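Examining the three-dimensional arrangement
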Amino acid sequence: MTTPRVVVIGAGMGGLAAAIDLAVAGLDVTVIEAAGTPGGKMRTVPVGGLAVDAGPTVFTMRWVFDELFAAAGFALDEELDLQPASILARHAWRGGATLDLYADLDATVDAIREFAGPADADGYRRFSRRSREVYETLLDPFMRAQRPSPLGLVGAVGLHRLGALWRTAPFQTLAGALESYFGDPRLRQLFGRYATYVGSSPYLAPATLMLIAHVEKTGVWRVAGGMRRVADALQRVAVAHAASFRFGTAVTEIGVRAGRVHGVHLADGTYLPAEAVVFAGDSAALGRGLLGADVRRAARHVAPTERSLSALTWCVTARTGGWPLSHHNVFFSDDYGAEFTDLFRHGRIPADPTVYVCAQDRDVSEAPAPTAAERLLILVNAPARGDQEVIDPAVHATRAQALLRDCGVELVTQAEVVTGPDGFAALFPGSGGALYGRVNHGPFGSFARAGTATPIGGLYLAGGTVHPGAGVPMAALSGRLAAQRVLLDLGAVRPGR
């Protein structure tokens, strides 16, 4: 019997995870990646002779990768050096207010009590219990499941647990739900920021996203050597199971005959036949016809108004002083509501944006500032209009620097590389610069993403723009779900180890 051939388009987290599971099952797997290295959005850029992480900076839900590596006969801790964080993130506001969130629940409760008083400290304990319940309710019937529908989710959870499902609060906004836990508006601002982890507004996204708070509380890790090491490790595992990789060339068309894929055409003129294709790029590229007219119906077109957030980023090397940076730092604007009105209603970067800074040379606990120039990723949210306009970063750099200065951060930049929505639109075709796929607004926003299966035989989807959602672990889960579906449809059986 001929070994089924599978082409995986894209070497991001979804594509790499799918490639591993398919190769472990004994299929003939080829991964095609337009960039020169694996990782997708998990990329680095050279700045002043140093490699700076320019994409995801947070490693969570390590169980996803423990399971993926174990299924391939590897141990995560032997492939990556992961350092657990004691401080999850450090937060600051104008006027000198600061608050650290800790991996230790009691330490965070004590910090919030000092910051906002005993009522909000108790509110945090209640919020933590609720976020854990939401996470546990949705883990198996939603995150681990092939694309669920609202009715299907009810059935999967079970009638005896409808109360728990209702308490996931899909019909309440995250911002609205936070009012039940925190009287201090700065805390509502802080925990509302979890909506931006999936490129959405806390004033429009469902309260279900509070589960992200539990995800962080169960562990945030720093990857020694940078986040790109994760992609490198996944590629090594895939190659160990005979998957092959072709970098530096793009797929121009997915071939379809009689309603089923038969292979892919590459920009270099090569044609690769395949019994199955896993597309792990932005699913919107299919709906826009960028991979050929025959596969447009594989994923719905995402209108500009339906896109998640983009970003304006500065990867810099700089000397710092003043306010003590941790590894993850957030500097909040004065008016959070106005910020998201600007982003989603007016389609512009706010005049007073919240600023995220990842200080990549700081460890994940209390540590002194590096004596030499350090690597920073500085980010402000931006609308995903990269295919419609080019943003001049200068004025926004001035505003971001002003907020950092107002919060006490001294920053002398030595070198920088700037990427805006137009740059992300070019890097990730079809996205318009959106970094998280379709925006997660409204009670059914989580169900609007495409699933792994498509109407075209042999064509499957993976990556952060499809179910179960955006983020490093979710994208990896999507790849595993795609691989499961491929193996089921091809009748392939995963060998035991």
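Our subject is the structure listed above.
Here's what I pulled together on the structure shown here. (Residues numbered from 1 in each chain as written. Predicted model: local features only at pLDDT ≥ 70, side-chain atom pairs only at ≥ 80, totals over all residues. Heavy atoms only, no water.)

Right, let's talk about the environment of phenylalanine 59 for a bit. Counting through the fold element by element, phenylalanine 59 comes out in the loop between strand 4 (50-53) and helix 2 (62-71). Remark: the alpha-carbon pair of phenylalanine 59 and tryptophan 221, spanning 162 residues in sequence, is separated by 5.3 Å. Discounting chain neighbours no more than four positions away, the residues touching phenylalanine 59 are Phe65, Leu82, Gly219, Val220, Trp221, Val223, Met227 and Val230. (Helix = DSSP H or I, 4+ residues; strand = E, 2+ residues; numbered from the N terminus. Contact = heavy atoms within 4.5 Å.)

The next point concerns the nonpolar core. Within the largest apolar cluster, 113 residues are counted, with the highest numbers of intra-cluster contacts made by Met13, Leu22, Phe65, Phe191 and Val278. Sequence-distant contacts of phenylalanine 65, that is, excluding residues within four places in its chain, are made with Met13, Phe59, Leu76, Val230, Leu234, Val472, Pro473 and Ala476. Formed by 24 residues, the second largest nonpolar core is a distinct cluster that contains Val7, Leu266, Leu286 and Ala298. (Core = buried A, V, L, I, M, F, W, Y, C linked by side-chain atoms within 4.5 Å. Buried < 20%, exposed > 50% of the residue type's maximum accessible area, 1.4 Å probe, protein only.)

Before going further, it helps to spend a moment on unusual backbone geometry. Cis geometry marks the peptide bond from histidine 467 to proline 468; its omega dihedral reads 10°. Looking at where proline 468 falls in the secondary structure, it is placed in the loop between strand 19 (459-461) and helix 16 (472-490). Although it is not a glycine, methionine 61 sits at a positive phi angle of roughly 50°. Turning to its location among the elements, methionine 61 is positioned in the loop between strand 4 and helix 2. Of note in this structure, alanine 242 is not a glycine but carries a positive phi near 80°. Structurally, alanine 242 can be placed in the loop between helix 11 (228-240) and strand 9 (244-247).

Pairing within the open sheet is mixed, and its seven strands lie in the order 7-6-15-16-17-14-18. Of all the strands in the sheet, the pair left with one neighbour each is strand 7 (98-102) and strand 18 (409-419). Adjacent strand axes in the sheet meet at a mean angle of 25° when their direction is disregarded. Pairing between strand 15 (residues 328-331) and strand 16 (residues 355-359): four bridges, direction antiparallel. Its bridge partner lying in strand 16, asparagine 329 is registered against valine 357. (Pairing = 2+ DSSP bridges. Axes fitted to C-alpha atoms, helices over the stretch in contact; angles between N-to-C directions.)

The antiparallel open sheet is built from three strands, whose spatial order is 10-11-12. Two strands lie at the open edges of the sheet, namely strand 10 (251-257) and strand 12 (271-273), each paired on one side alone. For this sheet the average axis-to-axis angle between neighbouring strands, irrespective of direction, equals 25°. Sheet topology note: the strand 11 (residues 260-266)/strand 12 ladder contains three bridges and is antiparallel. Its bridge partner lying in strand 12, glycine 263 is registered against proline 273.

With 14 residues, helix 14 (residues 393-406) extends 20 Å from end C-alpha to end C-alpha; this agrees with the ideal 20 Å at 1.5 Å per step. Turning to helix 14, its buried residues number three or more, namely His396, Ala397, Ala400, Leu403 and Leu404. Across the axial projection of helix 14, the buried residues extend over an arc of 125°, all falling on one side. Across helix 14 from its buried face, at more than 90 degrees, point the exposed residues Thr398 and Arg405. Each element contacted by the buried residues of helix 14 is listed here: strand 14 (310-322), strand 15, strand 16, strand 17 (374-382) and strand 18. Where helix 14 begins, one side-chain oxygen reaches toward the backbone nitrogen of alanine 394, 3.1 Å away; that side chain belongs to aspartate 392. (Expected span 1.5 Å × (residues − 1). Arc of directions from axis to C-beta. Polar contact = N/O pair within 3.5 Å; in protein donor to acceptor, adjacent residues only side chain to side chain.)

Our focus in this paragraph is the packing of aromatic side chains. Throughout the structure, instances matching the rule amount to 16 aromatic pairs. Taking the centre distance of 5.2 Å and the plane angle of 55° together, the rings of phenylalanine 127 and phenylalanine 191 count as tilted. With phenylalanine 127 in helix 5 (residues 118-143) and phenylalanine 191 in helix 9 (residues 185-192), this residue pair connects regions lying 64 residues apart in the sequence. Accessibility assignment for this pair places phenylalanine 127 and phenylalanine 191 in one class, buried. Both rings, one in phenylalanine 182 and one in phenylalanine 191, keep their centres 4.9 Å apart while their planes meet at 10°; by these two values the pair is stacked. Since its relative accessible area comes to 1%, phenylalanine 182 is described here as buried. Of the residues examined, phenylalanine 191 reaches a relative accessible area of 1% and is grouped as buried. Sitting over the ring of phenylalanine 428, lysine 41 keeps its end group 4.6 Å from the ring centre. The ring of tryptophan 221 carries the charged tip of arginine 62 above its face, separated from the ring centre by 5.6 Å. (Phe/Tyr/Trp six-rings, centres within 6.5 Å; stacked < 30°, edge-to-face > 60°. Lys NZ or Arg CZ within 6 Å of the ring centre and 35° of its normal.)

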